[in-house]
Amino acid sequence: LRANFSVIQKETGFVNGLITVLHDITEQEKIDMERREFVANVSHELRTPLTTMRSYLEALAEGAWKDENIAPTFLNVTQTETERMIRLVNDLLQLSKMDSQEYELNLEFVEFNKFFTRIIDRFEMSKSRNVEFIRLLPEKSYFVDIDTDKLTQVIDNIISNALKYSPDGGNIRFGFTVHDNMLRVMISDDGMGIPKENVTRIFDRFYRVDRARARSMGGTGLGLAIAREMIEAHGGKIWAESEEGQGTTIFFTLPYELDEAGDWE
Ligand code: ADP
């Protein structure tokens, strides 16, 4: 519901009336509003790195290029900002592809334990943070019909966030269980957590709990929005549980298939 107020004012300046018009925002209006907001967000996200780059390039052009101590740092900033914009544009392209009708999943029948373990291994091999990985994975095989590229991207994103927001010496736990013919995957950290009122919003496009902090860590604010689209395209759900100062757990579900022997579970 939206309210429009009109003030009836005389030339003397006295207010002698107030008209209030209440009306429902139609579905179309809501879509239009969201679209405008989205475009404003995209413009803002692009303008910030562009204006930063402009000022550093100006300084370089005005003579900073001659200073051996300053020039490499300034060039480095413009490089970082360019990379941020490339990530952002790639994420936007991905979202727009998913919004369009032609979006298709490239399904493959894979054993989830093996698939998940390979991704965890890759992060464990390359992580630069002092964070311990704890695996709580079942021994049994579970088969899923998934687009492995897309699911890899979802899991990469969740693990990157867990690493980003983990304290030094923290743990990240990986696990999955079975509920109602669905696999329920869990990735949990004991990082800074998310305030209760924001926990559902982290899957919205461009939503960040702490904009400045998230930006300084190189995020686009689109990672979890993309993850949600991808999980829902697979018939699953994604959500978060979090306690401020204690940590965050991201859950998602996937329908699972019969095992090799043709039995359920
Ligand atoms: P970003 O690119 O900013 O990481 P995401 O869509 O991946 O964007 O995440 C949205 C926001 O959700 C982040 O900016 C952060 O505020 C919050 N968030 C996501 N994962 C975690 C986590 N594990 N711990 C704390 N906050 C998180």
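Here is a short report on the structure shown in this document. The residue count restarts for each chain, going from 1 along the sequence in the order it is written. Restriction of local features to residues with pLDDT of at least 70 applies here, the model being predicted, together with a cutoff of 80 or more for giving and counting side-chain atom pairs; totals for whole chains, interfaces and linings are based on all residues. Each side-chain value is derived from all of the structure's non-hydrogen atoms; neither hydrogens nor water enter the calculation.

## Observations concerning the overall build of the chain
Phase 1: We count a stretch as a helix when DSSP gives it H or I for four or more residues in a row; a strand needs E for two or more, and each element gets its number in order from the N terminus. On a plain count of helices and strands, the chain comes out with 6 helices and 9 strands.
Phase 2: The C-alpha radius of gyration computed for the chain amounts to 24 Å, which surpasses the reference 18 Å derived for 265 residues by more than 25%, pointing to a less compact arrangement than a globule.
Phase 3: In terms of its C-alpha atoms, the chain occupies a principal-axis envelope of roughly 85 × 60 × 40 Å.
Phase 4: Burial classification: accessible surface area is computed with a 1.4 Å probe over protein chains only, and a residue below 20% of its type maximum counts as buried, one above 50% as exposed, and the rest as partly exposed. Counting over 265 residues, the chain shows a buried share of 37%.
Phase 5: The contact definition used throughout considers only heavy atoms, calling two residues in contact when any of these lie within 4.5 Å. Partitioning the intrachain contacts of the chain with sequence separation of at least 6 by distance along the chain shows that 67% fall at a separation of at least 24. Our radius of gyration is a C-alpha quantity, and the globule rule it is checked against amounts to 2.2 Å times the number of residues to the power 0.38.

## Description of the environment of Tyr103
Phase 1: By the secondary structure assignment, Tyr103 is in the loop between helix 2 (71-99) and strand 3 (108-111).
Phase 2: Considered as a pair, Tyr103 and Ala233 are 130 residues apart in the sequence and their alpha carbons are 9.5 Å apart.

## Notes on the site of the ligand
Phase 1: Taken together, the neighbourhood of the ligand is formed by 20 residues, with Asn161, Asp189, Thr220, Gly221 and Leu224 sitting nearest.
Phase 2: Between the ligand and the protein, one listed contact pairs an oxygen atom with a backbone N or O atom of Val209 at 3.0 Å.
Phase 3: Between the ligand and Thr220, the relevant distance is 2.9 Å, taken from an oxygen atom to a main-chain nitrogen or oxygen of the residue.
Phase 4: Here the Shrake-Rupley method, with its probe set to 1.4 Å, supplies the accessible areas, and only the displayed protein chains count as covering residues. In isolation the ligand has 530 Å² of accessible area, and contact with the protein removes 97% of it.
Phase 5: Elements that contribute at least two residues to the shell around the ligand include exactly helix 4 (148-164) and helix 6 (223-233).
Phase 6: If you tally residues by element for the shell around the ligand, the top one is helix 4, at 4 residues.
Phase 7: Residue classes in the shell around the ligand are distributed as 9 nonpolar, 8 polar and 3 charged. Residue proximity to a molecule or strand is established when one non-hydrogen atom of the residue lies within 4 Å of it. The term polar contact refers here to a pair of N or O atoms within 3.5 Å; inside protein, the definition further demands a hydrogen-donor-capable atom paired with an acceptor-capable atom, and it admits residues adjacent in sequence only when both atoms are side-chain atoms. Under the grouping applied here, Gly and all other residues not named as nonpolar or charged are polar, the nonpolar ones being Ala, Val, Leu, Ile, Met, Phe, Trp, Tyr, Cys and Pro and the charged ones Asp, Glu, Lys and Arg.

## Concerning the pairing of strand 9 (residues 247-257)
Phase 1: The buried fraction of strand 9 is high, at 9 of 11 residues.
Phase 2: For two strands to be treated as a pair, DSSP must find no fewer than two bridges joining them. As defined by bridge partners, strand 5 (residues 143-146) adjoins strand 9 across 2 bridges and the pair is classed as antiparallel. Paired with Val144 across the two strands is Tyr256, which belongs to strand 9.
Phase 3: When strand 7 (residues 182-189) meets strand 9, the two strands line up antiparallel, connected through 8 bridges. Note that in strand 9 the partner of Val185 across the bridge is Phe252.
Phase 4: Judged from the 6 bridges that link them, strand 8 (residues 238-243) and strand 9 form a sheet pairing that is antiparallel. Residue Ser242 lies in a different strand from strand 9, and its bridge partner there is Thr248.
Phase 5: Linkage of strand 8 to strand 9, two consecutive antiparallel strands, is achieved through a turn of 3 residues, within which Gly245 is found at a positive phi near 80 degrees.

## Structural notes on helix 3 (residues 112-126)
Phase 1: Between its first and last C-alpha atoms helix 3 spans 22 Å; for 15 residues at 1.5 Å apiece the expected length is 21 Å, and the two agree.
Phase 2: The N-cap residue of helix 3 is Glu111: its side-chain oxygen and the backbone nitrogen of Asn113 are 3.1 Å apart. Given a helix with a known number of residues, its expected span is that number minus one, times 1.5 Å.

## Describing the side chain of Asp91
Phase 1: In this fold, Asp91 is placed in helix 2.
Phase 2: Neither His nor the chain ends contribute to the count of charged residues, in which Lys and Arg are positive and Asp and Glu negative. One side-chain nitrogen of Lys or Arg within 4 Å of one carboxyl oxygen of Asp or Glu is enough to make a salt bridge. At 6.6 Å, Arg87 is the nearest oppositely charged side chain to Asp91, a buried residue that forms no salt bridge.
Phase 3: In this structure, Asp91 is in contact with Thr220, Leu222 and Ile226, ignoring residues within four places of it in sequence.

## A word on the pattern of salt bridges
Phase 1: Within this structure, the stated rule accounts for 12 salt bridges.
Phase 2: In this structure, the salt-bridge partner of Arg208 is Glu45, at a minimum N-O distance of 3.0 Å. Of this pair, Arg208 sits in the loop between strand 7 and helix 5 (211-216) while Glu45 sits in helix 1 (residues 27-61), and the two are 163 residues apart along the sequence.
Phase 3: Glu45 gets classed as buried once you look at its relative accessible area, which sits at 3%.
Phase 4: Asp190 is the partner of Arg173 in a salt bridge, and the nearest nitrogen-oxygen pair spans 3.5 Å. One end of the pair, Arg173, is in strand 6 (residues 171-179); the other, Asp190, is in the loop between strand 7 and helix 5, and 17 residues separate them in sequence.

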